[in-house]
Each structure stands twice: as structure tokens, then as C-alpha cells.
Amino acid sequence: MSCSKSWLIDRRTFLRGAAASIPLPLLNMMSAPAANLIGEKPPVRFMTLFKPNGVHPPSWNINNGTEHDFRLSPMMGPFAQHKEDLLFLDNMGDFGFSSHSHSTRRFLSGHHTNTRTASVDQMIADKIGGDTSIRSLELTTEGLFVNQIGCSYISYDAKGQAIPRESDPQLVFDRVFNNPLRRPGKRRELRSLLDRVNDDAKSLARRAGKEDRETLDQYLTAIRETEQRLENMKPGQELRDVPASMKRPGRSVNMDEQVNAMIDTIALALWTDSTRCISYMLGNSNSRMVFDFLGIQKQHHYLSHFFRNNGKGNLELLLKVTEWHMQKFDRLLTRMKSYRDHHGTLLDNSVVLFGSGMGHSDNHTATRIPIVLAGKGGGMLKTGRYVRYAENQKLSRLHLALLQKFGVDAGSFAGNKSVLPGLDGSDFDPYKERPFESWVKQEGKVIDVQGRLRMSDKLDETRVFFIDVAGRSPIRMELGFSDFHRHNVAYHVGTAITLKAEGQGTADTLVIRKIKAINSLFGKNPGDAPG
């Protein structure tokens, strides 16, 4: 090495001290001067954030927007500041119904029948892992849902077997930054991690330039704040009289603190290039979590069935839970944007896949599944756009597109051989309103109508729908759960339909209460629910 470059250090340099070492983020002194790095590309990371139990469509769905001119829905408010870093995908998913376990498998495996191959995150991890110390991290907020074990996993290995998840941010932090000090008891005996590497950090700072010193200071501050947050987390009750081989999982009294600590650790792990692939479940599908720290005493799964468990009070609680999920997405993006990485931010050099495995949380529809991509992926994605496809798109098309963009040699995924267009700004077939004739006919109690179906805009009217017919007031539909579920009414919301039903009222005040048949005017018909 020439004298002029004697200040350079290896990308895998660690700060070291007694019984401790921590990785570093990318610094200028780890490579040639920026002027000579025009052709060099930083590693691209892949992160997935899974939201359980679908969404309440009126509060989530974007309507009447175009690719470059759209307004975020009310539920997207918590992360609205990141709009230009996001790519919203609409009309994602198959048609018909999706069980909870099927929705988790679908999220990263394309379809619930894809049970013998790796999920997309694991295939990407194999490709981009490089010389990172941790190939991938699989994380969650809660334990196993034993009644339907498939609800607890989104990541699967090459044989299609579920990969165990970690829920304790302390253990994840130790694995990344404090290895091999993984035992909670041992951790309490040691002084601060930063104190042990303090001398090495000071020596490195004296050799660093101004920009690197700022990055080091930001990094060490983030490490210290995260460590202090973990230290302040209250442990759960100690288990007594258990075999020595049994490992006690760490537990926080407050789940909000637990998730914040995990998100902060995730961002640090990606920033230091300790790993390039992480999947994190904000909850199991069919989650029975109770958000008591939000003042909610009912289970999330119960609240997600907002139609059958009708009532404004329950819906308000569901939206409060969903807003919390959106706040965690915002926290992750904010952290990733705050860390400088190469010539941009950590988020610029990452792809974050946020979403669920089902759409309508009560009816379990597999259409209009919430999917948002964040970050530019080092140029892979063109963000700040709303892409609503003309027809339903299987998630496997998105997965195959991501695989190929990450350089994985894959000609198909989950039985699909065509990639999803439009992610990088390329042409796609956008959703367009098709012209159609609307009308209504009434003979006694039998009503035939053709028009556009929509949900009520009032959040306390969870069982009320309207059919818009040109030249007259909308026809109101007040449905019981049996009709709603059996005819998969939620699938048809936002589309033109033909309907035969029973109802009553005058020409201007028709109210439908019983469906005989419902059909999509343009799209597929999912048929009756199996039960």
C-alpha cells in the first residue's frame, strides 16, 4: 500500500476492546476518495415488514389517483413524510378468499401452495449475503400461534420449512454487536459495550476526516441510545426450577418499547453491513395480541373482524392498532434515512417491502392486498409513485421481479414466469375506469341493478354499502354477515357489478337487505365462499 493511502482501513474493521467488538458503518477511510468512486456501488439491502390481519379498506385504499398525482389515504398519514421514497402498488393479489395461514405463506412465497422452495427473502439473502457476518435475520414481536402454526412464519428455507424467529431485541443486539455475550445474566455483569471499545474509537476518530468523524459520532451515539433503551426495558418474571438447558426468552412489559428497540437494532445491523437481509413480523397473522399499552383490552384478531363484530367503538380500536403499525413503519424509514451510506442514505441503498398477505381484514380477501415498497434499492426502484394495475397481479410476479433485480438467476417463482412491470418506471397497464351503463329495475321486492359498488364513507357504518347509479340517488345496501361473506361482497368494492337482490322502498329510497346473485361486470368472479 502506498504512503498516500496509509490511512485506509478495511471495510470489515471492528472497534475492539476487552471481550467486545462492534462493526462499523461505511466510512470514507474504508475506500478510495469519493472523487474516484463514481463507478463503485454500495451493497443493496432487503428488508421486509409484515403487517398482520389485513386492513380496513376505506381507511387504507388510495382511490381516484394516478401514477404521479395521488393523495395518500387517511391510514397512510403516519408515514406521509416519506411519500417520495415510496412506491405504492395496488390491485396486488389473487381473487377470492385467503385464510390466515395462507396469507403469511403468500407474503414472501407467492402462493400458499408454494411449500417446497425458499421464500423470496431467503433466495435474495443467498445472493447478496457476501462476507457479512450474519446471512439473514428472521424476527417477530410474539410467540407461536399454536392453533395454526403457519400463521407464525413468513420466511422459509430451501426445503420450504419454516425458519425460527427471534422476538427479543436484546438477543438480536447481542448477536450483531456483542457476540458471544448472548446470555441476559452475563450481559448484566458487564460494563457498557461502548466503554470497552472507547479507546479504539478515540484512536480511529483522530485519524478520520471531518465527515467520517461526524459519521462515527452519529453511529456511536445511536449505539449508546439503543443500548440504554435495552437496558431500561423491564425484564419479565424469572422462571424458577427449570432445567438448565431451557433458555428463558427475554420479555418486555411494554410491547411498544420492545418493537422500537428491535427497529433501532435492525437499522443499525443494516447500516453496519452486519447483515443485508432481514424479515420482521409486527405480529402473527390471526394475532391474538392485546394492545393494552394503547388502552385497548380486546384482541387484534377480534377487532380485525370489524364487519361481524360491528360497532363504531370496535372499529375505532382497530384503526388505533393499525395506526400503531404505520407508526412503526415510519420509525424504520426515519432511522434508515438518518444514516449516511456511501453517497446517499441507508434507505437509498435498500428495498423495504411493507404489507400484509390479505386485503379486507374481515372477509379475508386476497385482492387489493396492501403492498408498499420503500427505498430506491440503489436505482432498482423509481419511487414517489402510485401504481394501480388494470387487473389483479399475483404477488409471485412482484417476487420474481425483485429476485431478478437483486441478480438472482430465476426464470420463475411459485409457478409464475412473468415479472411485475412498472417498478423502475417502466411501462405497465394502468387501471382505467371503463365506461358502462348503469340502471335499476324493480318488480315488487326483487331488484335488479347495474352500477358501481362502494363502501360507506362513514366509519361507523361497517355493514353499509352503496351502489351508484347515474341520474339517481345511490342505492343503499344493509347486509348481514352471511350475505357479506358468502357472496364475497368486499371483493367487488370499487368495481362495476350487476346485482339481483331483495329490498324495499320507493324509487328514490331503495334499500337492499338480501343478495340473490352478484357478478363483476368486467373482472373475475370469485364465487361463493367455501364456509
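Calculation rules
Residues numbered from 1 in each chain as written. Predicted model: local features only at pLDDT ≥ 70, side-chain atom pairs only at ≥ 80, totals over all residues. Heavy atoms only, no water. Helix = DSSP H or I, 4+ residues; strand = E, 2+ residues; numbered from the N terminus. Buried < 20%, exposed > 50% of the residue type's maximum accessible area, 1.4 Å probe, protein only. Contact = heavy atoms within 4.5 Å. Axes fitted to C-alpha atoms, helices over the stretch in contact; angles between N-to-C directions. Parallel < 35°, antiparallel > 145°, perpendicular 65-115°, else oblique. Left-handed = near helix turned anticlockwise from the far one by under 90°. Salt bridge = Lys/Arg side-chain N within 4 Å of Asp/Glu carboxyl O. Nonpolar A, V, L, I, M, F, W, Y, C, P; charged D, E, K, R; others polar. Polar contact = N/O pair within 3.5 Å; in protein donor to acceptor, adjacent residues only side chain to side chain. Expected span 1.5 Å × (residues − 1). pLDDT = per-residue confidence, 0-100.

## Quick word on the overall build of the protein
So, step 1. Helix and strand content of the protein: 14 helices and 17 strands.
So, step 2. Each of the 531 residues in the protein was classed as buried or not, and the buried ones make up 54%.
So, step 3. Within the protein, contacts between residues separated by at least 24 positions form 71% of all contacts whose residues are at least 6 apart in sequence.

## A closer look at the packing of helix 4 (residues 169-177) against helix 9 (residues 255-271)
So, step 1. Two numbers describe how helix 4 lies on helix 9: the axes approach to 9 Å, and their chain directions differ by 15 degrees. Regarding the angle of helix 4 to helix 9, the classification is roughly parallel. Helix 9 is crossed by helix 4, and the crossing has left-handed handedness. In this structure, helix 4 uses Pro 169, Val 172, Phe 173, Val 176 and Phe 177 to contact helix 9, whose residues at the interface are Gln 258, Ala 261, Met 262, Thr 265, Leu 268 and Ala 269.

## Looking at helix 2 (residues 100-109)
So, step 1. Most of helix 2 sits inside the fold, with nine of its 10 residues counted as buried.
So, step 2. Positioned one or two residues after helix 2, Gly 110 has a phi angle of 90 degrees, which is positive.

## As for the pattern of salt bridges
Two side chains of opposite charge can pair, provided their charged atoms sit close to one another.
So, step 1. For the coordinates displayed, the defined rule picks out 21 salt bridges.
So, step 2. Between Asp 90 and Arg 368 there is a salt bridge, and its shortest N-O distance comes to 2.6 Å. Here Asp 90, found in strand 4 (residues 86-92), pairs with Arg 368, found in the loop between strand 9 (350-355) and strand 10 (371-374); they are 278 residues apart in sequence, far enough to count as distant. Arg 368 carries the same exposure label as Asp 90, and that label is buried.
So, step 3. Between Glu 461 and Arg 476 there is a salt bridge, with the nearest N and O atoms lying 3.3 Å from each other. Of this pair, Glu 461 sits in the loop between strand 13 (446-455) and strand 14 (464-468) while Arg 476 is found in strand 15 (residues 475-478), placing the two residues 15 residues apart along the sequence.
So, step 4. Given the relative accessible area of 17%, Glu 461 is considered buried.
So, step 5. Since its relative accessible area comes to 22%, Arg 476 is described here as partly exposed.
So, step 6. Taken together, the shared-partner salt bridges in this structure form one network comprising Glu 461, Arg 476, Glu 478 and Arg 513.

## Digging into the packing of helix 3 (residues 120-128) against helix 12 (residues 395-405)
So, step 1. Packing of helix 3 against helix 12 brings their axes to within 10 Å, and their N-to-C directions diverge by 5 degrees. When the axis of helix 3 is compared with that of helix 12, the two are roughly parallel. Taking contact as the criterion, the partners of Val 120, Met 123 and Ile 124 in helix 3 are, on helix 12, His 399, Leu 402 and Leu 403.
So, step 2. Per-class residue counts for the contact of helix 3 with helix 12 are five nonpolar, one polar and no charged.

## Details of unusual backbone geometry
So, step 1. Not every positive phi belongs to a glycine, and Asn 53 is a case in point at roughly 65 degrees.
So, step 2. In this fold, Asn 53 is placed in the loop between strand 3 (45-50) and helix 1 (57-60).
So, step 3. The buried category is assigned to Asn 53, whose relative accessible area is 2%.
So, step 4. Even without being a glycine, His 364 presents a positive backbone phi close to 60 degrees.
So, step 5. The residue His 364 is located in the loop between strand 9 and strand 10 in this model.
So, step 6. Using a relative accessible area of 14% as the deciding quantity, one classes His 364 as buried.

## A few points about the environment of Phe 428
So, step 1. Here Phe 428 lies in the loop between helix 12 and strand 12 (439-443).
So, step 2. Residues Phe 428 and Tyr 389, 39 residues apart in the sequence, show an inter-C-alpha distance of 7.3 Å.

## So, the side chain of Ser 98
So, step 1. Position of Ser 98 relative to the elements: it lies in the loop between strand 4 and helix 2.
So, step 2. Side-chain polar atoms of Ser 98 contact the side chain of Arg 106, separated by 2.8 Å.
So, step 3. Residues within four places of Ser 98 in sequence aside, it is in contact with Ser 103, Arg 106, Gly 357, Met 358, His 364 and Ala 366.

## Regarding helix 9
So, step 1. Helix length check: helix 9, at 17 residues, gives a terminal C-alpha distance of 24 Å against a target of 24 Å (1.5 Å per residue), a fit within 8%.
So, step 2. Positive phi shows up at Asp 273, right after helix 9, with a value of about 60 degrees.

## A word on the confidence of the model for the protein
So, step 1. Per-residue confidence for the protein gives a mean pLDDT of 84; residues scoring 70 or more make up 83%.
So, step 2. Here residues 32-38 is modelled with pLDDT under 50, and outside its nearest four sequence neighbours on either side it reaches five contacts, counting other chains as well.
So, step 3. Long-range and interchain partners of residues 186-191, a stretch whose pLDDT sits below 50, account for eight contacts in this model, where long-range means more than four residues apart.

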